[in-house]
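Structure assessment
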Amino acid sequence: MTETDAPLLEVRNLVKHYRDGSGATLRALDDVSLTVRRGEVVGIVGESGCGKTTLGRAVMRLIEPTSGQIRLQGVDFAALSGRALKAARRQVQMIFQDPFGSLNPRHTVGTIVGEPLVVHGVPGGRARVAELLDLVGLPADAAARYPHEFSGGQRQRIAIARALALDPALIIADEPVSALDVSIQSQIINLIVALRARLGLSMIFISHDLSVVRHVSDRVGVMYFGKLVELAPADRLFADPRHPYTRALLASVPRPVKEVVASKRAGGGLAAPTHGEVPDPTDPPPGCAFHLRCPLAVDRCREAVPPLADVAPGHAAACWRA
Ligand SMILES: Nc1ncnc2c1ncn2[C@@H]1O[C@H](COP(=O)(O)OP(=O)(O)O)[C@@H](O)[C@H]1O
Ligand code: SF4
Ligand SMILES: [Mg+2]
């Protein structure tokens, strides 16, 4: 495989265990493998607590995985140190959910957007900041103002400008619109779609909301309980979902706007897509973790863990009955 054929990002058999308050092991990521190609947007969707943020943070090296490999442009970060590690880190940038907490209130927008340039010693700061603000649809005079002077949507634009400052190879957007009013969400999604077309961005786009992921993603990975349970091109996933969990998620969208607004107000993620409880993450059930909630479960599902296997070209599902 040549350098350009290699996927931009390769995640192999990634595992992350945490210890909960009582000392029990919690499997936040359980053998996740995933690739992102150059110029591709891969959406990651699943209910709160399924491991999406842990995946994004592991790829960012904000947390150390328990085991598994993460290769960016063919290079394993774990093998790097010093200057090489710093250079590799600038290749991945993150956009966080909370556009209030992620911006330093004491710094001007110009300082915030230009900070990655300063950290990495990139010259031409002021002109580049002006260019970035324009790119995300903010006025030039925003540079001299402070985050609190801006609305939630505008603050997320600031965060996006900062993430783009160093022309990163990969952007990880973790619930980038979940904290915003529904009316503002589509503006930020449209911005991401436009930037992606203009700049050829490669991205992991994380959301608990399938209808959000659908608009931006080329491929979509569905996570349940620390595992990737389905992975397919976005159109295929929506037209022909194979995993019962994906079907249940799809059945819950599109929801009436009123209901979406109400669940956002309640700070809620998805409503439980089917009957039954989400299992205790420190005490996973044997077999398929979805079997307690699955309308199609058979004996085999209670005994053996289904592997993520191809069900069609480019379409994989982890279900004995897919
Ligand atoms: N630092 C931590 N210590 C212990 N458990 C954690 C920690 N971070 C996340 N978890 C647990 O790992 C699981 C996955 O969490 P997370 O990746 O945040 O899920 P998501 O982003 O999909 O909501 C959850 O059960 C969560 O409670
Ligand atoms: S493996 Fe069995 S329990 Fe799991 S999703 Fe498929 S049918 Fe349902
Ligand atoms: Mg999260």
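Keep in mind that what you see is a predicted model, and the values were worked out from it rather than measured. (Residues numbered from 1 in each chain as written. Chains lettered and ligands numbered in written order. Predicted model: local features only at pLDDT ≥ 70, side-chain atom pairs only at ≥ 80, totals over all residues. Heavy atoms only, no water.)

**Structural notes on helix α9 (residues 244-251)**
Within α9, six of the eight residues are buried, which leaves the element mostly enclosed by the surrounding structure. Those residues of α9 not exposed but buried are P244, Y245, T246, A248, L249 and L250. Lining the buried residues of α9 we find β3 (41-45), α7 (210-216), β9 (219-224), β10 (227-233) and α8 (234-239). (Buried < 20%, exposed > 50% of the residue type's maximum accessible area, 1.4 Å probe, protein only. Helix = DSSP H or I, 4+ residues; strand = E, 2+ residues; numbered from the N terminus. Contact = heavy atoms within 4.5 Å.)

**Some words on the confidence of the model for the chain**
Scored by pLDDT, the chain comes out at a mean of 89, with 91% of its residues at no less than 70. Predicted confidence for residues 255-272 stays below pLDDT 50, and this span has 20 contacts to residues more than four positions away or in other chains. (pLDDT = per-residue confidence, 0-100.)

**Focus: the nonpolar core**
I160, L164 and F205 are the most contacted members of the largest nonpolar core, which totals 56 residues. Ranked by the residues each element gives to this core, the list is headed by helix α5 (residues 152-164), at six residues. Non-local contacts of L164, meaning those with residues more than four positions away in its chain, are made with R128, L132, L135, V136, I171, L195, L199 and L201. Membership of the second largest hydrophobic core comes to 30 residues, among which are L14, L34, I63 and M94. (Core = buried A, V, L, I, M, F, W, Y, C linked by side-chain atoms within 4.5 Å.)

**Some thoughts on the packing of helix α3 (residues 109-119) against helix α4 (residues 125-135)**
The N-to-C vectors of α3 and α4 enclose an angle of 110°; their axes lie 9 Å apart at closest approach. Between α3 and α4, the interaxial angle falls into the category roughly perpendicular. The two elements α3 and α4 meet at a crossing, and its hand is right-handed. Contact residues: α3 offers V109, G110, V113, G114 and L117, while α4 offers G125, R128, V129, L132 and L133. Of the residues in the contact of α3 with α4, the class split is six nonpolar, three polar and one charged. (Axes fitted to C-alpha atoms, helices over the stretch in contact; angles between N-to-C directions. Parallel < 35°, antiparallel > 145°, perpendicular 65-115°, else oblique. Left-handed = near helix turned anticlockwise from the far one by under 90°. Nonpolar A, V, L, I, M, F, W, Y, C, P; charged D, E, K, R; others polar.)

**A short note on the packing of α5 against helix α6 (residues 182-199)**
Packed helices, taken two at a time, are described by their axes: the angle between them and the distance between them. Remark: α5 packs on α6, axes separated minimally by 10 Å, with the N-to-C direction vectors making an angle of 20°. By the angle between their directions, the pair α5 and α6 is classed as roughly parallel. Once α5 is placed against α6, the crossing between them reads as right-handed. Where α5 abuts α6, its residues G153, Q156, R157, I160 and L164 lie against I184, Q187, I188, L191, I192, L195 and L199. Class assignment for the residues of the contact of α5 with α6 results in eight nonpolar, three polar and one charged.

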